[in-house]
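Each chain is listed here by its residues.
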There are 6 protein chains.
Amino acid sequence: MQLALSSWPEVEAYLARSTGIVIPIGSMEQHGPNGLIGTDTLCPNIIAREAADEAGFLLAPPFNVGNAQHHLGFPGTITLRPSTLIAAMQDWISSLVRHGFRDLYFLNGHGGNIAPVTTAFSEYYAAWSLRGEPCPVRLKLQNWWELPGVMALCREIFPVGEGMHATASEVSVTYYGYPGSVKRVEMTPKIAPIAGFTDAADYRANFPDGRIGSDPSQATPDKGARIVAAAKTALISEVSAFFGANDRLEAHG
Amino acid sequence: MQLALSSWPEVEAYLARSTGIVIPIGSMEQHGPNGLIGTDTLCPNIIAREAADEAGFLLAPPFNVGNAQHHLGFPGTITLRPSTLIAAMQDWISSLVRHGFRDLYFLNGHGGNIAPVTTAFSEYYAAWSLRGEPCPVRLKLQNWWELPGVMALCREIFPVGEGMHATASEVSVTYYGYPGSVKRVEMTPKIAPIAGFTDAADYRANFPDGRIGSDPSQATPDKGARIVAAAKTALISEVSAFFGANDRLEAHG
Amino acid sequence: MQLALSSWPEVEAYLARSTGIVIPIGSMEQHGPNGLIGTDTLCPNIIAREAADEAGFLLAPPFNVGNAQHHLGFPGTITLRPSTLIAAMQDWISSLVRHGFRDLYFLNGHGGNIAPVTTAFSEYYAAWSLRGEPCPVRLKLQNWWELPGVMALCREIFPVGEGMHATASEVSVTYYGYPGSVKRVEMTPKIAPIAGFTDAADYRANFPDGRIGSDPSQATPDKGARIVAAAKTALISEVSAFFGANDRLEAHG
Amino acid sequence: MQLALSSWPEVEAYLARSTGIVIPIGSMEQHGPNGLIGTDTLCPNIIAREAADEAGFLLAPPFNVGNAQHHLGFPGTITLRPSTLIAAMQDWISSLVRHGFRDLYFLNGHGGNIAPVTTAFSEYYAAWSLRGEPCPVRLKLQNWWELPGVMALCREIFPVGEGMHATASEVSVTYYGYPGSVKRVEMTPKIAPIAGFTDAADYRANFPDGRIGSDPSQATPDKGARIVAAAKTALISEVSAFFGANDRLEAHG
Amino acid sequence: MQLALSSWPEVEAYLARSTGIVIPIGSMEQHGPNGLIGTDTLCPNIIAREAADEAGFLLAPPFNVGNAQHHLGFPGTITLRPSTLIAAMQDWISSLVRHGFRDLYFLNGHGGNIAPVTTAFSEYYAAWSLRGEPCPVRLKLQNWWELPGVMALCREIFPVGEGMHATASEVSVTYYGYPGSVKRVEMTPKIAPIAGFTDAADYRANFPDGRIGSDPSQATPDKGARIVAAAKTALISEVSAFFGANDRLEAHG
Amino acid sequence: MQLALSSWPEVEAYLARSTGIVIPIGSMEQHGPNGLIGTDTLCPNIIAREAADEAGFLLAPPFNVGNAQHHLGFPGTITLRPSTLIAAMQDWISSLVRHGFRDLYFLNGHGGNIAPVTTAFSEYYAAWSLRGEPCPVRLKLQNWWELPGVMALCREIFPVGEGMHATASEVSVTYYGYPGSVKRVEMTPKIAPIAGFTDAADYRANFPDGRIGSDPSQATPDKGARIVAAAKTALISEVSAFFGANDRLEAHG
Ligand code: NI
Ligand code: NI
Ligand code: NI
Ligand code: NI
Ligand code: NI
Ligand code: NI
C-alpha cells in the first residue's frame, strides 16, 4: 500500500490496523559510468514496494535527496546540506506522528545518510527529552544491504568487484527495477580504487569515474531480481517485528 | 531524459547541449475521498516525463513534499514547514548550479507551494543581490494547470465540479498515470463547498471530506489522457522558449 | 488609534472592545527618479492612519522593511532576506496574539512582499497544524491598491503610465502624505519599459532608472488625496467585515 | 535628509559626499500609565530627525521593534526574539554596506536593545573575522540619553522621579514630538518601585503599572523640547566626529 | 562539588539541598605575549573551584569557548559566532532546568561575552514571555573582576599597567592556577595602547601584540593568589545570596 | 602542548612546525552509580594530554558538552541539540582553519557523538563542495576506545562486565586521572541490562541506574593507568601518521 497512491480515508483505515510506516530514504548522486544517479533512492523503493505489496504495510514516498556533498564533483548530483536534511526529517516525522504513526522504519539506500539521519533522530528525541516528556515514537534506520542475508548473497553473486560505491549489487537492483535504463560501459580500471575522501574535489581526485572498489559492469537485471527477492523477504520479516504484535497488516489483494 | 535514470557521463553530455532542467514540485496531501495523496507530485511528474521523453530535456526527480500544513487534519498528509522548504530549495538549486545548470524550470502541482517557492527564489537571488554579484541563474515557477490551453480544456471537460482542490482534472491526470489506483467513491455533497481557510483544524471544519468546490467522481483515465496530452505540448513549447535558442535538446530515441 | 501613540491601559481597553488590529507592511526600496524610497511603507501607513482615525481601529507601527532584494542595485534600498522576514513576522504575530489579538489584517504596500508574507502566514499556521491544535488566529494580507475600487480609480486618474513599479498612483499617495518631498524630475523615456527580472543586477539592467512601465512625473498631491480617500473608505469597510460583528470600534473623537 | 523621503538619485548623490548614516533603533513596549508604546522608537527618531535636518546627514527609517520580551505582560508590547533581531540587523547592515555606506551610527532608545544590538555587531564582524578579510565597516551604538550632556540635563529637570523605565524624560520627549498624545494620569505610587526582573511575568509582578523608579506625570512637551534641543546638538557633534573628516554633509536648505 | 567529577546520584542528592549551580564562562583567545589563550576560561574556573570546595555549591564544567571574533587575528583564538553561543546556551540552560535547577549563576571571564550572554538570557526568557507562562528560572551573569572588592584589589596590586585586555590581574590568576605555564616576556611598549576596535583585522592593527593598556609582565603566581582569595570570598557571599535562604550547601569535607 | 596554556606567539611558532591539532570531544552525562558525569570528556582529555606532552602536538581544549539527549533522565546531564553541536563545530573548525590549521583530529569519548560529529564534518565539507572549491582541510574522528590495541586490553582487564555505557574501562580511566573522585558503590544487578533506547524516558526505563551492560565497580586507578598508557602510545602513532611527514612535532621538554 503506497501512501502516494492512497486516499486519506484509506490511510485512516490503515491507521486503525497499524501505526507503522516504511519510508525509503536515498540520494541523487553519481554512481559511476553505468550506474543511475537515482540508485540510492531507487533501490530501497524497489525493495520496499514489493514488500509492501506482499505484506500490506504502508509505504511512504521516498525521501529522495540526501547527503551527497562528496559526489558534487560529478554532474547530476544533488545534495541537501546535513542541517537541511535534519530540518526536513523533523517535518516528515512530525507530520506522520500528528496522524498517529508511532513506528517509523526508514529503509536507507545511501551510506552517506547514516550519520545525518541518525542525527536527525537524535534531534527529534532531544525535543522530547529536553521537555521531559516521554516520546511515544520509535524511529529506525536500516540500510537495505544490511537486511539479514542480503550482503552474503551480494558477495556470493559478485565474489569480485562488489565494491563500496556504485556497487555491482545496487546497480543490478536498479537494472532489475528499470530494465530500460541498463547501460553497458567498459570499466577502466576493471575494479575501481579504494581510498578515503573528504569533500567533492577530494573525492573526484581519488575516484576519477566515481566508483569505489567496484566493477558494476557485472550488473544485470537478473542478478538484481535475486537480490530484491532476498531483501524483500528480509524486510517483511524485520518490519513485522518492528511494528509489533498488535498491528494487523493486510496484503495487497 | 530523467536525471534519476541517467549516469553522470550522460548528464555531462547533456550539459554540453543545454543548461536547462525541469523540476516537478508537488505535495503529499489529502485529495478528497477518491484522490491520491500524491496527486500534486504525480501530476507534474506525469506531464513532464512525457514531455521530456518527447522533447529531450532533462527531468529532475520530483521535489515531492511541499507546503501542506492546512491539510494536516487528514491522515497521510506530510508537510515541510515553509522555512524548511526554502532551505531545501536553496540546496537543490545550489547543487544544480554547481554543475552548470542555469535555467531551472519548476513545474508545480500545488497551489500552496506558489508563495513559498516564489519566496525560495527570492532567498536565492537575495544572496547574489546582497553580495552585489550578478546572478547567472534564472528560476521559473509554472503551475501545470496554467500552462497555455490547459485550464480551458479542463473546464471544457468538466463544465461543472472542476473545483479548486481535489479537482476533477488533477484526479483524472493521476488516474491516467496510475490506472490501478482508480477509486470509485460517491461524493456527498456532489459538489464540495467553497470557502477560505487558515490552519489544518479550520480547513477540516470547512471541508469535511477534503475537497474544495469539486466533484472528482467525474475523473477517469481517459479524461486525464486528454489533459496530459495538452499539458505536454504546452510544456514542451514553454520549456523550449525558456531554455533559449542555444540549447539543443534531443528527443528520446 | 495608533499603537505607537497609545499607552498600555488604552490598548487593554481596546482589547475589551475588539481583538482586531491593522498592520501596515511595506518596503524601503528605490521608486524611480522622483519616487520616495519609503513609498511602499508610507502608502499603507497613510491610508490606514486616516482610516484608523475615522473608524477607531487599532493601527500597529509599520513593518517598514520588506523583501526588496531585486532593488538592491539602487542606492538606499534595504531588504530583509525572506527567511528573516518570516522569522520577524512570527515574532510580531506571536506578540500580538499573546495579548489577545485574534484578527490581524496586514495592509501591504509592496508586491514583492506578497509571497514571503503569505509564506510567513503558512509558517505560523504550520506550528499549530503540526501540533494538532486549532489556531485561534486569522491572518489576512491585503494590498492597498487592490482594495475595492482603488485600482479602477488609479486607472481613471492615470489612463497612461500608471505602470507596475514606481507607479504614478503610489508616488501620488506619498506626495499627498509628504508634500514637502515632492520631486519634479523629467522621465526618460516618458514611460518606462516592462519586463521580467531576477536579481538586483538583472533588475537594474532591465530598468535603468528603476521604474517599470510607469510615468510617475504625473504624480501630484491632489491625485494622491483622491486615491487615499477611496482607499480609506474601502479599508474601513473591509476591516469592519474582517474584525467581525462583535467588535465595537470607536472613532477617534 | 530622510532616507524614506529621498529618491535613489538623491541617495546616490549623498554617497558621493558621505558614507555615513544614522539609524534610530527602538522598541514597541509599554511605558507605564501615561507613556506611549512607541516611546523608545519615537525618542531617537525625533532627536535624529531634527539633527539630520540641521546637519544634513542621512537618516534611515527606524528599526522600530526591538528586544522587549520582559514587557510582554502589558498589552501592546511587540518583541523580536533576540536571535531574530540579530538576523534582521545583518540584513539592514548588509544592504547599506552594499551601497557603499561604511559608518553606521545606531541611535538607540531602549536599554533592552544594548546587549542584542552589540551582539548583532559582533555577528557582523565575525563573518569578516572568520573569513580573514578586513571589515571596511564601522558600527556604533549610542543611547540617546547618554549623548554628552543629556543625562545631566534630565536630572536637572527631574531631580526626583526620573527613574529607569517610562522615565519622565523620555515621556517628555514623546510629548514634545506628539503633543496630541499627551496623557494625564495620576501615578500610584507617585514614584514606582525599583527592582530586577527576568521574564514578562516577573516584570509585571514587580512593576504592576509598568514603570521602574519613575514619576512620568511630570512630563510635559516643554521639558521634552529642552531635552531634544540638547540631544540634537550633542548628536550632531558626535555624528560629525564619527563620520570622519572627509564627509561633506549639507544642511537641509 | 564539581559536576564533571560527580555521579548522578550525587547530583540528585545535591538538588534536594539546592537548586543553584555556578557555571564558569570564558573564551579561548590570545592574551598578549605572555598570557594564556585559555585565560578567560581559566580565571573564573580557578576562582569558582576554590569557592565550590569551600562553600559546597555545585560547579558546572566551563562554557569554554565564547565570543572572540575580534581576537581571530592572533593564532590560537577560537570563537563561536554569537548566534551559535546563544543557541548553545539555550541547550545548557534547558538541560539544567530539566533536572530542577532554578538559579543559574554564570561567572564570566571575558568582556566580549557580556552582550551575547545577556542576549542569550533574553532569548531564554522570551520563549516563556511569548508563551505567556511565568518562567521559574533566574539567570545571572557576573564578571569575576566585578565581584565586590576585587577590582579595588587589582588596582592596589597593579597601580600602573593593569589594563583592559591581557591584564596583569588575569594573567596573575592563571599563573597562580598553572604555575608551570608562567612565561617571562619583555613587553614593548611597556604599557600597551588603548583604543577601540571592530573586527579581527582592526584589532590586530590597533594592538600589534594583543594587549590593551596593560603590562602583564608584572604578573606573578603570588599576586594571583591574593586576587583569587579575595574573589573566592566575594563569590561565596554572592552565590549564597543568589541561591536563596532555603538552599543548604555543604562544604567539601 | 596545550592550547589553553599557550600564548599566541607559541601557537604561531607551532604552526611553523605543524598544521595539525588534536581536539578532545566528549559529553556531560550520567555514567551510572559510580561514574563521573564528565567521564566522556575526561577520558580523551586525559589520554591526549599525556600524548601531547610526550609527542609535542598541540592539544585544544575539550569540546566538553556533546549529544546526550538520551541521558537527560538522570540529573546532571547536559546536552547540545545535535543542530547546535553542528553549528558550534563549524565555528571551532573555521576558527582553527583561519589560523592555518589543516589537519584536525577529534579524539572522541562518547558514542552518541559519532553521528552528529560526522554530520558536522559533512556540513563543513558541503560548504566547499557546493561552492566548487577544493577544501584544504582534513577532519578525522577517532573514538579513544577504538585506538589500535585499546579495546583488546580493556577486554583483557575486564573479561566480564566491561559493558557499553559506564564501562569499567572508562570509569577506570577517570579514576586514574582523578583519584580523588573514586566512588565505591555496590552495583545492583551486578551487570546492567543490555537493550536499545530512544529518548530520555525510554533510556531511564530500560536502564534504571544508567549503566548498559557494565559492572563499573571493578574500576580502579591502576587499571585506568594501564589503559591510558596503551591509548597514549596508539594515539601518538595515529596522530603522527595523520599530521603527515612534513610536520615536526617537539616533545615537551
Ligand atoms: Ni549507492
Ligand atoms: Ni492538488
Ligand atoms: Ni512601490
Ligand atoms: Ni523607554
Ligand atoms: Ni581576558
Ligand atoms: Ni561514556
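Residues numbered from 1 in each chain as written. Chains lettered and ligands numbered in written order. Predicted model: local features only at pLDDT ≥ 70, side-chain atom pairs only at ≥ 80, totals over all residues. Heavy atoms only, no water.

The name given to chain A in an unreviewed UniProt entry is Creatininase family protein, and the organism recorded there is Hyphobacterium vulgare. Recorded in UniProt for chain A, the comment headed Cofactor (unreviewed entry) runs: "Zn(2+)". (UniProt positions renumbered as here; feature names shortened; annotations may be inferred.)

K.L.:
Would you mind showing me how to read the overall build of chain A here?
P.N.:
Within chain A one finds eight helices and three strands. Going from the N terminus to the C terminus, chain A shows its helices and strands as α-β-α-α-β-α-β-α-α-α-α. Relative to its length of 253 residues, chain A is compact, with a C-alpha radius of gyration of 18 Å against a globular reference of 18 Å. C-alpha extents for chain A along the principal axes are approximately 55 × 40 × 30 Å. A buried classification covers 65% of the 253 residues belonging to chain A. Across chain A, contacts joining residues at least 24 apart in sequence account for 75% of those joining residues at least 6 apart. As displayed, chain A has an accessible area near 7,900 Å², and 55% of this comes from carbon and sulfur atoms. Taking the average location of the 18 positive side-chain charges in chain A and that of its 24 negative ones, the two points are 1 Å from each other. (Helix = DSSP H or I, 4+ residues; strand = E, 2+ residues; numbered from the N terminus. Rg over C-alpha atoms; globule rule 2.2 N^0.38 Å. Buried < 20%, exposed > 50% of the residue type's maximum accessible area, 1.4 Å probe, protein only. Contact = heavy atoms within 4.5 Å. Areas by Shrake-Rupley, 256 points an atom, 1.4 Å probe, with all protein chains shown as cover. Lys, Arg positive; Asp, Glu negative; His and termini not counted. Charge placed at Lys NZ, Arg CZ, Asp CG, Glu CD.)

K.L.:
Please clarify how the coordination of the nickel ion (ligand 6) should be interpreted in this entry.
P.N.:
All names here are of chain F. Coordination of the nickel ion (ligand 6) by the protein involves His 31 (NE2), Asp 40 (OD) and Glu 170 (OE), with metal-donor separations of 1.9 to 2.2 Å. Taken in sequence order, the residues that donate to the nickel ion (ligand 6) follow the motif H-x8-D-x129-E. Of the residues examined, His 31 reaches a relative accessible area of 0% and is grouped as buried. (Donors = N, O, S within 2.8 Å, 3.2 Å for Na, K, Ca; no water.)

K.L.:
I would appreciate a short explanation of the relation of the copies chain B and chain A in the present structure.
P.N.:
Take chain B, turn it by 180°, move it 0.0 Å along the axis, and it overlays chain A with an RMSD of 0.0 Å. The superposition of one copy onto the other is thereby described by a two-fold rotation axis. By C-alpha distance to the rotation axis, the residue of chain B lying nearest is Thr84(B), at 3.5 Å. Most of the interface of chain B is mirrored in chain A: 100% of its interface residues are interface residues there too. (Least-squares fit on C-alpha atoms with pLDDT ≥ 70 in both.)

K.L.:
Any chance you could explain helix H8 (residues 221–243) of chain C here in plain terms?
P.N.:
Given 3.6 residues per turn, any residue in an α-helix points the same way as the ones three and four places further on. All names here are of chain C. When the terminal C-alpha atoms of H8 are compared, their 31 Å separation across 23 residues agrees well with the 33 Å that a helix rising 1.5 Å per residue should span. Within H8, burial applies to Gly 224, Ile 227, Val 228, Ala 231, Lys 232, Ala 234, Leu 235, Ile 236, Glu 238, Val 239, Phe 242 and Phe 243. The first or second residue beyond H8 is Gly 244, which carries a positive phi of 100°. (Expected span 1.5 Å × (residues − 1).)

K.L.:
Would you mind showing me how to read the interface of chain B and chain A here?
P.N.:
A common way to state how big an interface is: give the accessible area lost once the parts meet. Contact with chain B, which involves 51 residues of that partner, is made by 51 residues of chain A. Both sides of the chain B and chain A interface together cover about 4,000 Å² of buried area, and 62% of this is carbon and sulfur. Considering only the surface of chain B that becomes buried against chain A, Leu5(B), Trp8(B) and Pro75(B) emerge as the three largest contributors, covering 19% of it. Applying the counting criterion to the chain B and chain A interface returns four salt bridges. A salt bridge links Asp91(A) to Arg81(B), with the nearest nitrogen and oxygen atoms 2.6 Å apart. For the pair chain B and chain A, the number of links is 25 residue pairs in polar contact (both at pLDDT 80 or more). Only helix H1 (8–17), helix H3 (82–99) and helix H7 (200–206) of chain B provide two or more residues apiece to the side of chain B that touches chain A. Among the elements that make up the side of chain B that touches chain A, the one with the highest residue count is H3(B) (ten residues). Here the side of chain B that touches chain A is built from residues that sort into 27 nonpolar, 16 polar and eight charged. (Buried area = accessible area lost by both parts, 1.4 Å probe. Salt bridge = Lys/Arg side-chain N within 4 Å of Asp/Glu carboxyl O. Polar contact = N/O pair within 3.5 Å; in protein donor to acceptor, adjacent residues only side chain to side chain. Nonpolar A, V, L, I, M, F, W, Y, C, P; charged D, E, K, R; others polar.)

K.L.:
Whenever I open this one, the environment of Thr167(E) confuses me. Can you help?
P.N.:
Residues and elements named next belong to chain E. By the secondary structure assignment, Thr 167 is in the loop between helix H5 (150–157) and helix H6 (168–177). Using a relative accessible area of 8% as the deciding quantity, one classes Thr 167 as buried. Taking C-alpha positions, Thr 167 is 11 Å from Pro 33, a pair spaced 134 residues apart along the chain. Among all residues touching Thr 167, those that are not within four sequence positions of it are Glu 162, Ser 214 and Pro 216. One polar contact links the side chain of Thr 167 to the main-chain amide nitrogen of Glu 170, over a distance of 3.0 Å.

K.L.:
It is not clear to me how the coordination of the nickel ion (ligand 2) should be interpreted in this structure. Could you clarify?
P.N.:
When four donors bind a metal tetrahedrally, each ideal donor-metal-donor angle is 109.5 degrees, and when six bind octahedrally, the ideal angles are 90 or 180 degrees. Residues and elements named next belong to chain B. Taken together, His 31 (NE2), Asp 40 (OD) and Glu 170 (OE) make up the full set of protein donors to the nickel ion (ligand 2), lying 1.9 to 2.1 Å away. All donors of the nickel ion (ligand 2) come from a single chain, and their spacing in sequence reads H-x8-D-x129-E. A residue pair is termed long-range when its members are at least 10 positions apart, and Asp 40 in helix H2 (residues 39–55) and Glu 170 in helix H6 (residues 168–177) qualify at 130 residues. Accessibility classification places Asp 40 together with Glu 170 in one group, the buried group.

K.L.:
Sorry if this is basic, but what is going on with the sheet that holds strand E3 (residues 138–143) of chain E here?
P.N.:
Strand pairing in a sheet relies on backbone hydrogen bonds. The paired strands run either parallel or antiparallel. Residues and elements named next belong to chain E. Spatially, the three strands line up as an open sheet ordered E1-E2-E3, and their pairing is parallel. The open sheet has two edge strands with one neighbour each: strand E1 (20–25) and E3. For this sheet the average axis-to-axis angle between neighbouring strands, irrespective of direction, equals 20°. Direction of pairing for E1 relative to strand E2 (residues 103–108): parallel, over a ladder of six bridges. The partner of Pro 24 across the bridge, within E2, is Leu 107. (Pairing = 2+ DSSP bridges. Axes fitted to C-alpha atoms, helices over the stretch in contact; angles between N-to-C directions.)

K.L.:
How do you make sense of the packing of aromatic side chains when you look at a structure like this?
P.N.:
Two numbers describe a pair of aromatic rings. These are the distance of the centres and the angle of the planes. Evaluation of the coordinates by the stated rule reveals 81 aromatic pairs over all chains. Plain terms: the ring middles of Phe106(E) and Phe121(E) are 5.5 Å apart, the flat faces sit at 50° to each other, and that makes the pair tilted. Note that Phe106(E) is positioned in strand E2 and Phe121(E) in helix H4 (residues 114–131), a separation of 15 residues in sequence. Residue classification places Phe106(E) among the buried residues on the basis of a relative accessible area of 1%. Grouping aromatic residues by their ring pairs yields a cluster made of Trp8(A), Phe74(B), Phe197(B), Tyr203(B) and Phe207(B). The ring of Trp8(D) carries Arg204(C) above its face, with NZ or CZ at 4.8 Å from the centroid. Here the basic side chain of Arg131(E) rests over the ring of Trp128(E), its NZ or CZ set 4.7 Å away from the ring centre. (Phe/Tyr/Trp six-rings, centres within 6.5 Å; stacked < 30°, edge-to-face > 60°. Lys NZ or Arg CZ within 6 Å of the ring centre and 35° of its normal.)

K.L.:
I would appreciate a short explanation of helix H6 (residues 168–177) of chain F in the present structure.
P.N.:
With eight of ten residues buried, H6(F) lies mostly within the body of the structure. For H6(F), every residue scored as buried is listed here: Ala168(F), Ser169(F), Glu170(F), Val171(F), Ser172(F), Val173(F), Thr174(F) and Tyr175(F).

K.L.:
I'm lost on the layout of surface pockets in this one. Help?
P.N.:
One way to see where empty space is left: roll a probe the size of a water molecule over the atoms. Here the second largest pocket defines a volume of roughly 1,200 Å³. Every element with two or more residues in the lining of the second largest pocket is listed here: helix H4 (114–131) and strand E3 (138–143) of chain D together with H4, H5, H6 and helix H7 (200–206) of chain E. A class-by-class count of the residues in the lining of the second largest pocket yields 18 nonpolar, 18 polar and nine charged. (1 Å grid on protein atoms, 1.4 Å probe; cavity = no way out; pocket = protein on both sides within 12 Å on 5 of 7 lines; lining within 4 Å. Points joined across faces, edges and corners; volume = space filled by probe spheres on them.)

K.L.:
Looking at this structure, I do not really get the pattern of salt bridges. What am I missing?
P.N.:
Pairs may arise between side chains of opposite charge once their charged atoms sit close together. Residues and elements named next belong to chain D. Under the criterion given, the structure shown has 48 salt bridges over all chains. A salt bridge links Asp 215 to Lys 190; the nearest nitrogen and oxygen atoms lie 3.6 Å apart. With a gap of 25 residues between them, Asp 215 in the loop between helix H7 (200–206) and helix H8 (221–243) and Lys 190 in the loop between helix H6 (168–177) and H7 connect regions that are remote in the sequence.

K.L.:
Help me understand the sheet that holds strand E1 (residues 20–25) of chain B, please; the structure alone is not making it clear to me.
P.N.:
Residues and elements named next belong to chain B. Pairing within the open sheet is parallel, and its three strands lie in the order E1-E2-E3. The sheet is open, and its two borders are formed by E1 and strand E3 (138–143), each paired with just one other strand. Taking each pair of neighbouring strands and ignoring which way they run, the sheet shows an average axis angle of 20°. Pairing of strand E2 (residues 103–108) with E3, which is carried by six bridges, proceeds in the parallel orientation. Across the sheet, residue Tyr 105 finds its bridge partner in E3, namely Lys 140. Against the sheet, H2 contacts E1 and E2, and its axis sits at roughly 150° relative to E1.

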